Amino acid sequence: MAEMWISMGPQHPMTHGLWTLRVKVDGETVIDTEPDLGYIHRAVEKIAELRDFTKFTTYCDRLCYASANTWSHAYIYAVENLLEVEVPERAEYIRLVAVEIQRIASHLMWLGAYCPDVGNLTAFVWCLREREMMLDLLQELGGSRLHYNFPRVGGVKRDLPIGFAQRCRTKINLFLNRIQEYEALLDESTVFLVRTQGVGYAKPEEMVNHGVTGPNVRAGGINYDVRWAHPYSVYDEVDWEPSVEKPSIKGADCYDRYRVRVEEMQQSGRMVLDALDKMPGGADTHHQHGDEAILAKAPLRAPEGTSGFHHFEDSRGESMFYIVGGGEQRGKFPYRNSIRSPMFITIPYASKCMIGYKVADIPAIMGSFDPCIGETDR
Amino acid sequence: MAEGDWLDIRGWVEALSFAVADNTVGMSRFWRQKGTTADILTELIMAVVVFGLIMTTMLVLLWIERKFFARIMDRRGATMAMRSLWVGEGGEHVDWYGLLPFGTGAPFRWLNRWLNKVAGSDHAVESVARVHDRSYHGVWWMLPGFFQNIADAVKFLTKEWMVPTKADKFVFEVAPFIIISSTIMLFAFIPLGPHVWSANPDLSLLFLMAIFGIAPLGVFFAGWSSNNKYTLIGGIRSAAQLTAYEIPLLVTVLAVAVLSGSMNIIEIVEFQMVMDGWNLFLLPLGAALFLITMIAEVERIPFDMPEAEAELVEGWWTEYGGLRWGLLFMAEYLRAYAACLLFAIFFLGGWEPFGGNLVAQYTAFIPGIAWLLIKSWLMFAVFVWVRASLHRVRTDQILEFGWRWLLPLSLVNLGIAVWLRLWVWQGEVWSPLVPGIITAIAVALFVLLAIDEDPESLGGRERPYSVHVKAGPAGPGTHKK
């Protein structure tokens, strides 16, 4: 067959968002790819310069609809670094619970989206069923289902609701048991293995050179988890360990990237259970602590020349916020807010990973990198 | 039991058409053509009867696809369609019967309370009620969702018909006709019962398999004529896949014909009934091969490469819309239905009751067509089960599997059939030992293959399935090397 370019996207089941992958194929073999991003650029960084610090949190929620809490928390940590706010420890624990539940929900969304990519709809519905439990928990915390606006500068919006800890333990334990069902459906299925193993090799050193982070690079055997390498919240106090795969000599394939996320979900579940146990003041008590236990006072203005930075282990990699204080001229507004999106770096690399494989492998490889276009285009 | 079946539709139709021909043509000066007229009338009526039976019973297939799949997937919407009406989400419901005058809504309230009690998932804690939703799957005996198919058909009828610009309009229009007409023609040769069939030539098996091979041509036409790269790839994949799986399928069917000593489908069924042994127990390997190749032929998961929606959007269907899409979709299910019916006919004893001669005298009041349809629906449930548990196999893996495994295995199966027919079969009823031993060997092999999996080595082994081709980035002139 002759070579031809196929334009996959912006409306295509493979893209998981709004972008275009131009693929050059020779028959069924992919010989070149070109990602084309920027369809939903919303100028979020410019919007940040026109709002004061508290009003930008909602925009951070909208950076990635599948993982809203992690993005708003990343931003809040950067603002607290800028304004030099001390956060109460109970608030840190509540934040950790919220972020890790969000991470489980995000990875479930990924697994649910990945299985139809390789042709199975059952796992999709099972994953969304479990994600529903996580969204229920987050709804109790933040009040809405997808965009929570939960963290505040200096703490969190509100304390744990009545009975939250008990429901959270029930659901997390139920979820941890149900992971076995996924393994029965996926790991023990030869068809899933032949679709994911030996497909989409990503070499660890290449990933590091490109700046790929998060589960994708941990699937390549590189133990870089910001929560572990530079513990920021109370991650050094709860019981967990980063999930790292041992890849083959050729690099990490789609199966490694699947395994690392499943193990990370288990670690997050463990972390939530442990944080509920270790929470200062107890997780089962409610509103006996006063607002000062969950929310510290924070200034509204940042002096000129100051800058805040935080790097955060997002569900998809290392997200960074760099905020420069506005000073007298800008008032309550920041001078600059720069966002580093992990997927903006990963998607071009993933597009190059699929050269040499079949057309049928394109969704299997692209999906395994967990693309999220909201944060990519910002 | 062909003679014991009281549902002698063909006999009734013959009597009717002879009576009609007698009183019309027989009274005229063309009275010599009386017999021919009656035959033609019989064939026409039987064709309509079989077509109607197939089209109405096909709704069950769609219902199984919807409901059984939803149950496996644990999907809330499809499994709880009736529940939201009567029981309500978490016990809450629209209290419409409370608005009825003079307390006439009370029976509805009692019914609802009772349904809540026996089938609801009420719990004081909302999350626990939600977890309980898992075990509750609607009021199944009300057949919720059965008439969704009619709504779908109405929707297809109202859609606009568009031909893409620069598509080859003639071929684009003709392709669905090739696919649909050849698919419907299949059912002319599939007997639904000893007396319910449309045509019965001596070589009906040969006719059937020949017609089964026409649709891939239409698929290829459709993919090529749409002027779309996705449909082109889908059409080519379809051609490659159907060619690769047609040959093992034919060899497997040939083994059945050899064992039964006939190329006539009705005689194949009667051989199984008279000789007291279903082919499933005599040719278990053949049954497995037939199942796999048929799933590939009707393009269902795990072999639905030609319409892989993840990468090819909808494969060769992409540019079709409206009623033609609906009819293509129907043709797809008709092919699956034909596959299920053929499996039941070739391997499950056709219209013989479960239990064979032992129970036949007690179940004589059930017509043979009921047994055949039940068996084919069960087979379709197996198709749905396979679809729900497996993933989609890649193109090269499908072809490799077909050529490397299925073709040699089907030849082995043919050898087994020849051996059974020539050396084991003594011209009388099978001794119970023969199917017993063969089935025991097959089950033992299956168990051995199933437990021979070491989960430890599964994770750490060298990845054996890599198909990476060394291909550098393309540039001007790179394809000429």
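## Describing the overall build of chain A
Scanning chain A for helices and strands turns up 15 helices and 8 strands. Relative to the compact-globule value of 21 Å for 378 residues, chain A shows a C-alpha radius of gyration of 21 Å, a close match. With the C-alpha coordinates of chain A rotated into their principal frame, the extents come out at 70 × 50 × 35 Å. Within chain A, buried positions represent 57% of all 378 residues. Excluding contacts between residues fewer than 6 apart, the proportion of contacts in chain A whose partners are at least 24 apart in sequence is 72%.

## Topic: the overall build of chain B
Check the secondary structure of chain B and you find 21 helices and 0 strands. Looking at chain B as a whole, 40% of its 481 residues qualify as buried. Counting contacts in chain B only where the partners sit at least 6 residues apart, residues at least 24 apart contribute 78% of the total.

## Thoughts on the sheet that holds strand 1 (residues 3-8) of chain A
All names here are of chain A. Here we have 3 strands laid out as an open sheet, ordered 1-2-3, and antiparallel in their pairing. Each end of this open sheet is capped by a strand with a single partner; those strands are strand 1 and strand 3 (29-36). Each adjacent strand pair in this sheet contributes to an overall mean axis angle of 20 degrees, direction not counted. By the bridge criterion, 6 bridges tie strand 1 to strand 2 (residues 20-26) in an arrangement that is antiparallel. Residue Ile6 lies in a different strand from strand 2, and its bridge partner there is Val23.

## Quick notes on the sheet that holds strand 7 (residues 317-324) of chain A
All names here are of chain A. Pairing in this open sheet of 3 strands is antiparallel, and the strands run 6-7-8 from one edge to the other. Single-partner strands in this sheet number two, and they are strand 6 (307-314) and strand 8 (336-340). Along the sheet, successive strands turn relative to each other by an average axial angle of 10 degrees, direction set aside. Bridge analysis of strand 6 against strand 7 gives 8 bridges, and the strand direction is antiparallel. Bridge pairing in strand 7 places Glu313 opposite Glu318. On the sheet, helix 3 (residues 68-83) packs against strand 6 and strand 7 and is oriented at approximately 150 degrees with respect to strand 6.

## Section: helix 10 (residues 215-225) of chain B
Residues and elements named next belong to chain B. The buried fraction of helix 10 is high, at 10 of 11 residues. In this fold, the buried residues of helix 10 make contact with helix 8 (169-186) and helix 11 (229-260). Asn227 occupies a position one or two residues after helix 10 and carries a positive phi of about 55 degrees.

## Focus on the pairing of strand 7 of chain A
All names here are of chain A. Most of strand 7 sits out of view: 6 of its 8 residues are buried. Note that strand 7 and strand 8 share 5 bridges and pair antiparallel. Bridge pairing in strand 8 places Tyr322 opposite Ser338.

## Points about unusual backbone geometry
The amide bond that connects Ile301 of chain B to the next residue, Pro302 of chain B, takes the cis arrangement and shows omega of 10 degrees. Here Pro302 of chain B lies in the loop between helix 14 (284-297) and helix 15 (309-312). Phi angles above zero are rare outside glycine, and Ala43 of chain A is one such case at about 60 degrees. Looking at where Ala43 of chain A falls in the secondary structure, it is placed in the loop between strand 3 and helix 1 (44-48).

## Regarding the interface of chain B and chain A
Counting from both sides, the interface comprises 38 residues of chain B and, opposite them, 45 residues of chain A. Those elements that place two or more of their residues in the side of chain B that touches chain A are helix 2 (34-73), helix 6 (126-132), helix 11, helix 15, helix 18 (368-389) and helix 19 (395-424) of chain B. Residues that form the side of chain B that touches chain A fall into these classes: 19 nonpolar, 8 polar and 11 charged.

## A look at the environment of Pro191 of chain B
Summarising the element assignment, Pro191 of chain B is placed in the loop between helix 8 and helix 9 (204-212). In this structure, the C-alpha to C-alpha distance between Pro191 of chain B and Ile345 of chain B, residues 154 residues apart in sequence, is 8.7 Å.

## Some thoughts on helix 14 (residues 361-368) of chain A
Among the 8 residues of helix 14 of chain A, 8 are classified as buried, and the element is accordingly described as predominantly covered. When helix 14 of chain A is considered as a whole, its buried residues turn out to be Asp361, Ile362, Pro363, Ala364, Ile365, Met366, Gly367 and Ser368 of chain A.

## Focus on the pairing of strand 3 of chain A
Residues and elements named next belong to chain A. The sheet contact formed by strand 2 and strand 3 spans 7 bridges and is antiparallel. From the neighbouring strand, Arg22 faces strand 3, where its bridge partner is Glu34. Between strand 2 and strand 3, which pair antiparallel one after the other, the connecting turn spans 2 residues, and Gly27 there sits at a positive phi close to 70 degrees.

## Concerning the domain arrangement of chain B
All names here are of chain B. Each assigned domain of chain B is listed with its residue range as follows: domain 1 (61-148) and domain 2 (152-451). Counting from both sides, the interface comprises 9 residues of domain 1 and, opposite them, 10 residues of domain 2. The element that contributes the greatest number of residues to the side of domain 1 that touches domain 2 is helix 2, accounting for 8 residues. Partitioning the side of domain 1 that touches domain 2 into residue classes produces 7 nonpolar, 1 polar and 1 charged.

## Looking at the packing of helix 14 of chain B against helix 19 of chain B
Helices that pack against each other are described as a pair by the angle of their axes relative to one another and the distance between those axes. Residues and elements named next belong to chain B. Where helix 14 meets helix 19, the closest approach of the two axes is 9 Å, and the angle between their N-to-C directions is 145 degrees. Where helix 14 crosses over helix 19, the two elements pack in a sense that is left-handed. Taken together, the residues of helix 19 that come into contact with helix 14 (itself represented by Leu285, Gly286, Leu289, Ile292 and Thr293) are Leu406, Leu409, Ser410, Val412, Asn413 and Ile416. In terms of residue class, the contact of helix 14 with helix 19 is built from 7 nonpolar, 4 polar and no charged.

## Side note on the environment of Phe68 of chain B
All names here are of chain B. With respect to the helices and strands, Phe68 occurs in helix 2. You can call Phe68 partly exposed: it has 18 C-beta atoms within 10 Å. For the pair Phe68 and Glu246, spaced 178 residues apart in sequence, the C-alpha to C-alpha distance is 29 Å. Here Phe68 is in contact with Ala381 and Val384, once residues within four sequence places are set aside.

## Describing the environment of Met279 of chain A
Residues and elements named next belong to chain A. Along the polypeptide, Met279 turns up in the loop between helix 11 (254-278) and strand 6. Taking the C-beta count within 10 Å as the criterion, Met279 has 22 such neighbours and is therefore assigned buried. In the structure, Met279 is positioned 41 residues away from Val238 in sequence and 9.8 Å away in space, judged by C-alpha atoms. Non-local contacts of Met279, meaning those with residues more than four positions away in its chain, are made with Arg90 and Tyr93.

## Some thoughts on the confidence of the model for chain B
Residues and elements named next belong to chain B. Per-residue pLDDT for chain B has a mean of 80; in total, 82% of the residues score no lower than 70. Counting contacts from residues 131-141, a segment whose pLDDT is below 50, to residues more than four positions away or on other chains yields 19 contacts. Across residues 459-469, confidence stays below pLDDT 50; counting only partners more than four residues off in sequence or on other chains, it has 15 contacts.

## Points about the nonpolar core
Counting residues in each nonpolar core, the largest one holds 225 residues, and the members touching the most others are Ile365 of chain A together with Phe343 of chain B. Residues from two domains meet in this core; each of domain 1 (61-148) and domain 2 (152-451) of chain B gives at least three.

What counts, and where the lines are drawn
Residues numbered from 1 in each chain as written. Chains lettered and ligands numbered in written order. Predicted model: local features only at pLDDT ≥ 70, side-chain atom pairs only at ≥ 80, totals over all residues. Helix = DSSP H or I, 4+ residues; strand = E, 2+ residues; numbered from the N terminus. Rg over C-alpha atoms; globule rule 2.2 N^0.38 Å. Buried ≥ 20, exposed ≤ 12 C-beta atoms within 10 Å, placed from the backbone. Contact = placed C-beta atoms within 7 Å. Pairing = 2+ DSSP bridges. Axes fitted to C-alpha atoms, helices over the stretch in contact; angles between N-to-C directions. Nonpolar A, V, L, I, M, F, W, Y, C, P; charged D, E, K, R; others polar. Domains from an automatic or database assignment. Left-handed = near helix turned anticlockwise from the far one by under 90°. pLDDT = per-residue confidence, 0-100. Core = buried A, V, L, I, M, F, W, Y, C linked by C-beta atoms within 7 Å.

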